[in-house]
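Residue-level structure breakdown
Letter by letter, the chains look like this.
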Amino acid sequence: MTTPTSLHPVDGAPHIHGDIPDPAPEPHPRSGLKGVLLPVAVVLAIGTIFVSVYLAAFHAPRPHDLPVAVVGTAAQAQEAEDALERAVSGGFAVRTYSGEAAAREAVEHREVYAAYLPGSGQGSGRLLYAGANGPSVTGTLTAAFAQTAATGGRPPVGEDILPVSDGDTRGLSVFYAAFGLVLAGYLFGMMTYQAAPALRFRQRIASLTLFGALGGIVVALLAGGTGFGALPASFAGTAATTGLMAMAAGAATMAIVKWTGSAGAAIASVVLLIFGNATSGGVMPAAYLPAWLHPLSGVLPVGAGVRALQGMSYFHEDGLWSGLAVLAAWIIACVGLLYLRDTRDDRKARLRSA
């Protein structure tokens, strides 16, 4: 049996239907009043969404049920919980641990964000925390747990048991690396149709794969031990995770552009660059987000990649495998959507030429 062929729409060469030509979306010229108003409306809408989302997320950030540990009796845990509730209402979810070793391990695996060990009498207690969670989290924890001190007593003494690397003094390198990759993926998804509007499907996916692989290597070289020393994870792990982030962002942009046409650039920028970065957890954990933004942190490529990088770098792989699964799901789903759209367009073209 022979494989059916048809003529390539650009050069007239035969192609196998499994290797579908992938033309760019048809342009939609605008002139007159519509041409004047449309860019204004679109850009103002995007700007309004950007300001609204970022102000909602960061204008007055506070934790919501941030898990913390208390080492001691049920009575001590309740006393600490009452003090934390006075400091930040609804801000913390207290878990009781029987010993310091278990609580310390929970902090190191990011099961809790701090562990409080009450002192005896007027003596100050101790607060174990991970500086790798960022200065905003550390500030929130130390201020809130200061309320646990007995009247006239001293606040607990802080102990950073998991500090950030020497090359990342503010704990923001993961966020900046993620933002750069997602921005690059967005630009790749747009430019691949502009630079090569008639590229075949397999070639376009090969280009996406090459972009992801090289992007991951570049970030690993810059952020790892060979560069700024900002991410202490292994070179291979950083390159693989950031490469998948770049591919997920690129594939998502390509699929959105392919299915929505001229509106794709605006939609992709809102989904990936605005909602994605605002909910990534790179600046502060998802527990600080408003309830309506919180669910996005675990399902958008940026948040999944940030948590995977943080877990691989500091928290004993917390969130690594779930993050990689989310990124892989985005890539597979978006490539599948691209293939479905190209198959449909190719079928329509053959029907018209029949």
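Reference entry: report on the structure contained in this document. Quick caveat: nothing in here was measured; it's all calculated off a predicted structure. (Residues numbered from 1 in each chain as written. Predicted model: local features only at pLDDT ≥ 70, side-chain atom pairs only at ≥ 80, totals over all residues. Heavy atoms only, no water.)

It is worth spelling out the overall build of the protein at this point. When you go through the protein residue by residue, the secondary structure sums to 10 helices and 7 strands. Counting only residues that meet the buried cut, the protein has 45% of its 354 residues in that class. Considering only intrachain contacts with a sequence separation of at least 6, the fraction spanning at least 24 residues in the protein is 73%. For the protein, the exposed surface amounts to about 16,900 Å²; the carbon and sulfur share of it is 65%. (Helix = DSSP H or I, 4+ residues; strand = E, 2+ residues; numbered from the N terminus. Buried < 20%, exposed > 50% of the residue type's maximum accessible area, 1.4 Å probe, protein only. Contact = heavy atoms within 4.5 Å. Areas by Shrake-Rupley, 256 points an atom, 1.4 Å probe, with all protein chains shown as cover.)

Our focus in this paragraph is the packing of aromatic side chains. As enumerated under the stated definition, the model contains 9 aromatic pairs in all. Measuring from ring centre to ring centre gives 5.3 Å for Phe 201 and Tyr 339, while their planes differ by 65°; the resulting arrangement is edge-to-face. Here Tyr 339 lies in helix α10 (residues 320-353) and Phe 201 lies in helix α6 (residues 201-223), a separation of 138 residues in the sequence. Among the residues examined, Tyr 339 registers a relative accessible area of 35% and is labelled partly exposed. Joined through ring pairs, the aromatic side chains of Phe 50, Tyr 54 and Phe 58 make up one cluster. A cation sits over an aromatic face here: Arg 341 above Trp 259, 5.2 Å from the ring centre. (Phe/Tyr/Trp six-rings, centres within 6.5 Å; stacked < 30°, edge-to-face > 60°. Lys NZ or Arg CZ within 6 Å of the ring centre and 35° of its normal.)

Pairing in this open sheet of 5 strands is mixed, and the strands run β4-β3-β5-β6-β7 from one edge to the other. A single partner strand is all that each edge strand has here, and the edge strands are β4 (92-97) and β7 (157-160). The average angle at which neighbouring strand axes cross in this sheet is 25°, direction not considered. By the bridge criterion, 4 bridges tie strand β5 (residues 114-117) to strand β6 (residues 126-129) in an arrangement that is antiparallel. By the bridge assignment, Tyr 116 is partnered in β6 with Leu 127. Running over the sheet, helix α3 (residues 100-108) touches β3 (66-71), β4, β5, β6 and β7 and is turned about 35° from β6. (Pairing = 2+ DSSP bridges. Axes fitted to C-alpha atoms, helices over the stretch in contact; angles between N-to-C directions.)

Let us now look at the environment of Ala 286. In this fold, Ala 286 is placed in the loop between α8 (264-278) and α9 (301-313). Of the residues examined, Ala 286 reaches a relative accessible area of 18% and is grouped as buried. Between the C-alpha atom of Ala 286 and that of Leu 296, which follows or precedes it by 10 residues, the distance is 9.0 Å. Not counting chain neighbours up to four residues away, the residues in contact with Ala 286 comprise His 294 and Ser 297.

Negative charge collects at one region of the surface, where Glu 79, Glu 81, Asp 82 and Glu 85 lie side by side. Summarising the element assignment, Asp 82 is placed in helix α2 (residues 74-87). Classification of Asp 82 by relative accessible area gives partly exposed; the value is 36%. (Patch = residues over 30% accessible without salt bridge, like charges linked within 9 Å, V, L, I, M, F, W, Y side chains within 5 Å. Salt bridge = Lys/Arg side-chain N within 4 Å of Asp/Glu carboxyl O. Lys, Arg positive; Asp, Glu negative; His and termini not counted. Charge placed at Lys NZ, Arg CZ, Asp CG, Glu CD.)

Another aspect to go through is the nonpolar core. The biggest cluster of nonpolar side chains holds 44 residues, and the ones touching the most others in it are Val 182, Leu 208, Met 245, Met 254, Val 335 and Leu 338. Those elements that place two or more of their residues in this core are α5 (173-195), α6, α7 (235-260), α8, α9 and α10. Examining the composition of this core, we find that 11 residues originate from one element, α7, more than from any other. Every residue in contact with Met 245, bar those within four places of it in the chain, is listed here: Ala 178, Val 182, Pro 301, Val 302, Gly 305, Val 306, Leu 309 and Leu 327. Counting residues in each nonpolar core, the second largest holds 20 residues, with Tyr 116, Val 137, Met 284 and Ala 287 among its members. (Core = buried A, V, L, I, M, F, W, Y, C linked by side-chain atoms within 4.5 Å.)

This part is about unusual backbone geometry. Most peptide bonds adopt trans geometry, and most residues besides glycine take a negative phi value. Phi is positive for Arg 110, which is not a glycine, with a value near 60°. Within the element layout of this structure, Arg 110 appears in the loop between α3 and β5. With a phi close to 70°, Glu 317 is a non-glycine residue in the positive phi region.

Of the pairings in the sheet, the one linking β6 to β7 comprises 4 bridges and is parallel in character. Bridging across to β7, Leu 127 finds its partner in Gly 158.

Let us now look at a nonpolar patch on the surface. On the surface, Leu 210, Leu 214, Ile 217, Leu 221 and Phe 235 cluster together to form a nonpolar patch covering roughly 450 Å² of accessible area. Residue contributions to the nonpolar patch peak at 4 residues, all from α6. Tracing the backbone shows Leu 210 in helix α6.

On to the side chain of Thr 148, then. Structurally, Thr 148 can be placed in the loop between α4 (135-145) and β7. A polar atom in the side chain of Thr 148 sits 2.5 Å from the backbone oxygen of Phe 145. Contact partners of Thr 148, with chain neighbours within four places excluded, come to Ala 80, Ala 83, Tyr 116 and Pro 156. (Polar contact = N/O pair within 3.5 Å; in protein donor to acceptor, adjacent residues only side chain to side chain.)

Counting through the fold element by element, Tyr 129 comes out in strand β6. For Tyr 129, a relative accessible area of 15% translates into the label buried.

Okay, the packing of α5 against α9 next. Where α5 meets α9, the axes come as close as 10 Å, and the angle between the chain directions of the two elements is 140°. As judged from the angle between their axes, α5 and α9 are oblique. Crossing of α5 over α9 shows right-handed handedness. Contacts between α5 and α9 involve Val 174, Ala 178 and Val 182 on the former and, on the latter, Val 302, Val 306, Leu 309 and Gln 310. (Parallel < 35°, antiparallel > 145°, perpendicular 65-115°, else oblique. Left-handed = near helix turned anticlockwise from the far one by under 90°.)

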